[in-house]
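# Structure at a glance
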Amino acid sequence: MRGEEDPAQVMRRLDELAARTARTGKACYTAFLSPAQAQWAQASANRQRVHVTLQGGYEEAERCIACFWDEEAPEDFPLVALELSWPHQSAPGHRDVLGSAMGLGIKRSCMGDIVLLEETGYLFAEKQMAQHIAQSLVSAGRVRLQIRLLDSWPQLEPPAGEELRDTVHSLRLDAVIAAGFSLSRGDAAELIASGCVKHRHLPTERADARVQEGDAISVRGYGRLVVEEVGNPTKKGRLPLRLTRYGTNRKRAH
C-alpha cells in the first residue's frame with residue numbers, strides 16, 4: 001500500500017484484504033494507516049462482515065496497522081519499535097527523523113508514529129523494515145543517532161490532559177473549539193476555514209459540523225480536544241460540556 005498518495009487505491013486494497021479474510025478465514029494485515037484510513041478499514045470490515053483491530057505499538061498511537069480477522073483475534077502484529085538516542089546533542093526534529101528515514105527509500109506507510117521525548121525517542125516500523133532502519137539510519141539532520149531495536153514495545157505514558165468545563169449555545173464545531181481553547185467564534189471559524197482543524201481525525205473546513213460526545217478535535221498550533229460529556233441543556237438553553245484538552249508535552253510526528 002502506498003499510504004496517503006492515492007486514496008482510491010488504498011480503499012480498494014483495504015476492501016481486498018477484508019474480502020480475503022472473509023473468504024479464507026485468515027487474518028490479513030495492512031501497512032500503517034493514518035486515522036482517516038483507519039476509518040476506511042473499519043468500513044471495509046463492516047462491508048465484509050469481519051472484525052478489524054488496530055495497533056500502533058502504544059496507547060494513543062495515531063498511525064496504526066489494521067488486522068482483519070474472522071474467528072480469532074490477532075495475538076501479534078508485524079510491527080516493532082526502534083529506540084533512538086542522541087548522547088550529548090540537542091534533540092532532532094520530527095521532520096529530520098522522518099526525512100532521513102524516507103531518504104533510505106522507505107515508504108511512509110512502512111512507518112508508524114515517531115515519538116520524541118527529552119533524551120530519547122521511538123520510531124515504530126513494519127517488522128520487515130526494522131533491521132534496515134536500525135542499520136542505516138545514522139543521523140537525522142545534523143544529529144547523529146544511536147538506534148536500538150527493541151524486543152518489546154515501550155511503555156509510553158499517555159499525554160497529560162487538562163479537564164475543562166464550559167457551556168455552548170450549540171454543538172457546532174466552531175463553538176466547541178472556541179470553548180476549548182478560549183477563542184472567539186470568529187477566530188475558531190477562521191482556523192477551520194484555513195485547514196488547521198481535524199474532526200474525528202479527518203480534515204474539515206465546515207465550521208457548522210456537528211460535534212458529538214466522544215469526538216476528538218485537533219487544532220494545529222493549539223492542541224487536541226476530546227469531548228468527554230455533553231450535559232442536559234440549562235434553563236437558558238446552553239449545553240454544558242466536559243472536555244479534556246491535550247497540549248504538546250510529548251512531541252509526536254504522524
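To start, this report covers the structure provided alongside it. (Residues numbered from 1 in each chain as written. Predicted model: local features only at pLDDT ≥ 70, side-chain atom pairs only at ≥ 80, totals over all residues. Heavy atoms only, no water.)

## What about the packing of helix α5 (residues 173-181) against helix α6 (residues 185-193)?
Packing of α5 against α6 brings their axes to within 8 Å, and their N-to-C directions diverge by 115 degrees. Looking at the two axes, α5 sits roughly perpendicular to α6. Pair α5 / α6 crosses with right-handed handedness. Contact with α5, carried on its side by L173, D174, A175, I177 and A178, involves R185, A188, A189 and I192 of α6 and no other residues of that element. The residue inventory of the contact of α5 with α6, partitioned by class, reads seven nonpolar, no polar and two charged. (Axes fitted to C-alpha atoms, helices over the stretch in contact; angles between N-to-C directions. Helix = DSSP H or I, 4+ residues; strand = E, 2+ residues; numbered from the N terminus. Parallel < 35°, antiparallel > 145°, perpendicular 65-115°, else oblique. Left-handed = near helix turned anticlockwise from the far one by under 90°. Contact = heavy atoms within 4.5 Å. Nonpolar A, V, L, I, M, F, W, Y, C, P; charged D, E, K, R; others polar.)

## Re the sheet that holds strand β12 (residues 202-203)
Reading across the sheet, the six strands line up as β10-β15-β14-β13-β11-β12 and stay open at both edges, with antiparallel pairing between neighbours. Both edges of this open sheet fall to β10 (161-168) and β12, since each of them pairs with a single strand only. Of the strand pairs in this sheet, strand β11 (residues 197-199) and β12 are connected by two bridges, and their pairing is antiparallel. Bridging from a neighbouring strand, K198 pairs with P203 of β12. (Pairing = 2+ DSSP bridges.)

## Side note on the packing of aromatic side chains
One pass over the structure, following the stated rule, counts three aromatic pairs. Their ring planes at 25 degrees and their centres at 5.2 Å tell us that Y58 and F124 sit as a pair that is stacked. With Y58 in the loop between β2 (51-55) and β3 (64-69) and F124 in strand β6 (residues 120-126), this pair connects stretches of sequence that are 66 residues apart. Neither residue differs from the other here; Y58 and F124 are each classed as buried. (Phe/Tyr/Trp six-rings, centres within 6.5 Å; stacked < 30°, edge-to-face > 60°. Buried < 20%, exposed > 50% of the residue type's maximum accessible area, 1.4 Å probe, protein only.)

## Points about the sheet that holds β2
In a beta sheet, neighbouring strands pair by backbone hydrogen bonds and run either parallel or antiparallel. As summarised here, the arrangement of the three strands in space is β1-β3-β2, forming an open sheet in which the pairing is antiparallel. Across the chains shown, the open sheet's two edge strands, defined by having one partner strand only, are β1 (28-33) and β2. With strand direction ignored, the average angle separating the axes of adjacent strands in the sheet is 20 degrees. Note: β2 against β3, five bridges, orientation antiparallel.

## Regarding helix α4 (residues 127-136)
Among all positions in α4, only M129, A130 and I133 are buried. The buried side chains of α4 occupy one side of the element, clustering within an arc of 120 degrees when seen end-on. Those residues of α4 that are exposed and aimed more than 90 degrees away from the buried face are Q128 and Q135. (Arc of directions from axis to C-beta.)

## Details of the pairing of β6
Counting buried positions along β6 yields seven of seven residues, so the element is predominantly enclosed. Of the pairings in the sheet, the one linking strand β4 (residues 79-85) to β6 comprises seven bridges and is antiparallel in character. Residue pairing for β6: E83 is matched across the bridge by Y122. Where strand β5 (residues 111-116) and β6 come together, four bridges link them in antiparallel fashion. In the sheet register, I114 faces β6, and the bridge partner there is L123.

## Considerations on unusual backbone geometry
In this structure, H88 takes a positive phi of about 60 degrees despite not being glycine. By secondary structure assignment, the location of H88 is in the loop between β4 and α3 (94-102). Of note in the backbone geometry, S182 takes a positive phi value of approximately 55 degrees without being a glycine. Tracing the sequence through the fold places S182 in the loop between α5 and α6.

## Here we look at the pattern of salt bridges
For side chains bearing opposite charge, pairing can occur when the charged atoms are close. Inspection of the entire model under this criterion finds twelve salt bridges. A salt bridge links R47 to D15, with the nearest nitrogen and oxygen atoms 2.7 Å apart. You can see R47 sitting in helix α2 (residues 35-48) and its partner D15 sitting in helix α1 (residues 7-24), a full 32 residues away along the chain. The salt bridge involving E162 is made with R245; its shortest N-O contact spans 2.8 Å. Here E162, found in strand β10, pairs with R245, found in strand β15 (residues 239-246); they are 83 residues apart in sequence, far enough to count as distant. One network of salt bridges, with partners in common, ties together E163, R165, E229 and R242. (Salt bridge = Lys/Arg side-chain N within 4 Å of Asp/Glu carboxyl O.)

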